[in-house]
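In case you want the letters, here they are:
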Amino acid sequence: MASLTVTNHSLPTLLHSQNPNYQSSQKLQFLPTPSNSQFCGLKLSHSSFFSIPSSSSSPKVSIFAKVGKGSKPPPFTLKDQDGKSVSLTKFKGKPVVVYFYPADETPGCTKQACAFRDSYEKFKKAGAEVVGISGDGSSSHKAFAKKYKLPFTLLSDEGNKVRKEWGVPGDFFGALPGRETYVVDKNGVVQLVYNNQFQPEKHIDETLKLLQSL
């Protein structure tokens, strides 16, 4: 399990502005976790951890609008597990379930993928396609799909560009990629946004419930 500890980043300016009685000698610190630590089925590395900039720096902040119910999500074109380009527009005219997950071969993500697999016929009966997206490469997706006999498309969002464009929230201050599922109807409008990091199988229940009501 990943853990938060302390290192050498302080927030004197920020905390002083919030509390006039704050003593600048106090420090709030974070240490990186071991490179192979895991939390909720996600492998964390030093590069995936976050740090809080000192008061002397001016961080650049990128702000993306979160995709919500009733909106049309940004289009994308990504490589699937076979290295072929797949666009969101390919699914126009039918419902599509787009689920963002942290990483291949982690416990929670494996459980979620297998639950989608086991209910795949129900999704087909509802006329819907299922698409999983993570930051893993096509070769990782191919091995993952082959190992667990996944019958649906996995897309590689290397650099997490699409995740950011859709505004998928992270967990634990962004240290853990979020697990969020969208149901987009045949007209390209989002009808459901469901976020649940710790109960991956619930994503299948909620999406099927929505699809069966369309």
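Details of the structure are given in the entry above.
Residues numbered from 1 in each chain as written. Predicted model: local features only at pLDDT ≥ 70, side-chain atom pairs only at ≥ 80, totals over all residues. Heavy atoms only, no water.

Glycine aside, residues mostly have negative phi, and peptide bonds are mostly found in the trans state. One non-glycine residue, Lys149, adopts positive backbone phi at about 55°. Tracing the sequence through the fold places Lys149 in the loop between α4 (138-148) and β7 (153-156). (Helix = DSSP H or I, 4+ residues; strand = E, 2+ residues; numbered from the N terminus.)

Here the focus is the nonpolar core. Counting 25 residues, the largest nonpolar core has Tyr99, Phe116, Phe123, Val130, Leu150, Phe152 and Leu154 as the members making the most contacts within it. When contributions to this core are tallied by element, the ones reaching two or more residues are β5 (96-100), α2 (107-118), α3 (120-125), α4, β9 (190-195) and α6 (202-211). Looking at this core, the element that brings in the most residues is α2, giving five residues. Every residue in contact with Tyr99, bar those within four places of it in the chain, is listed here: Gln112, Ala113, Phe116, Val130, Val131, Gly132, Ile133, Phe152, Leu154, Glu180 and Thr181. Membership of the second largest hydrophobic core comes to 18 residues, among which are Phe76, Ile133, Tyr182 and Val190. (Core = buried A, V, L, I, M, F, W, Y, C linked by side-chain atoms within 4.5 Å. Buried < 20%, exposed > 50% of the residue type's maximum accessible area, 1.4 Å probe, protein only. Contact = heavy atoms within 4.5 Å.)

Another aspect to go through is α4. Every buried residue of α4 is accounted for by Ser138, His141, Phe144, Ala145 and Tyr148. Around the axis of α4, the buried residues are gathered within 125° of arc, so they sit on the same side. Turned more than 90 degrees away from the buried face of α4 sit Ser139, Lys146 and Lys147, all of them exposed. (Arc of directions from axis to C-beta.)

On to α2, then. Because the α-helix completes a turn every 3.6 residues, residues three or four places apart line up on one side. Look at α2: 16 Å from first C-alpha to last across twelve residues, which is about the 16 Å you get at 1.5 Å a residue. Buried residues of α2: Gly108, Cys109, Thr110, Gln112, Ala113, Cys114, Ala115 and Phe116, and no others. Tucked inside the fold, the buried residues of α2 contact β5, α3, β6 (129-134), α4, β8 (180-184) and α6. (Expected span 1.5 Å × (residues − 1).)

So, on to the pairing of β8. In terms of residue burial, β8 counts as a mostly covered element, since five of its five residues are buried. In β8, alternate side chains face the same way, and those of Glu180, Tyr182 and Val184 on one face and Thr181 and Val183 on the other are all buried. When β5 meets β8, the two strands line up antiparallel, connected through five bridges. What sits directly across from Tyr99, in β8, is Thr181. By the bridge criterion, five bridges tie β8 to β9 in an arrangement that is antiparallel. Each bridged residue has a counterpart across the sheet, and for Val183 the counterpart in β9 is Leu192. Between the end of β8 and the start of β9, which pair antiparallel, lie five residues, with Gly188 showing a positive phi angle near 85°. (Pairing = 2+ DSSP bridges.)

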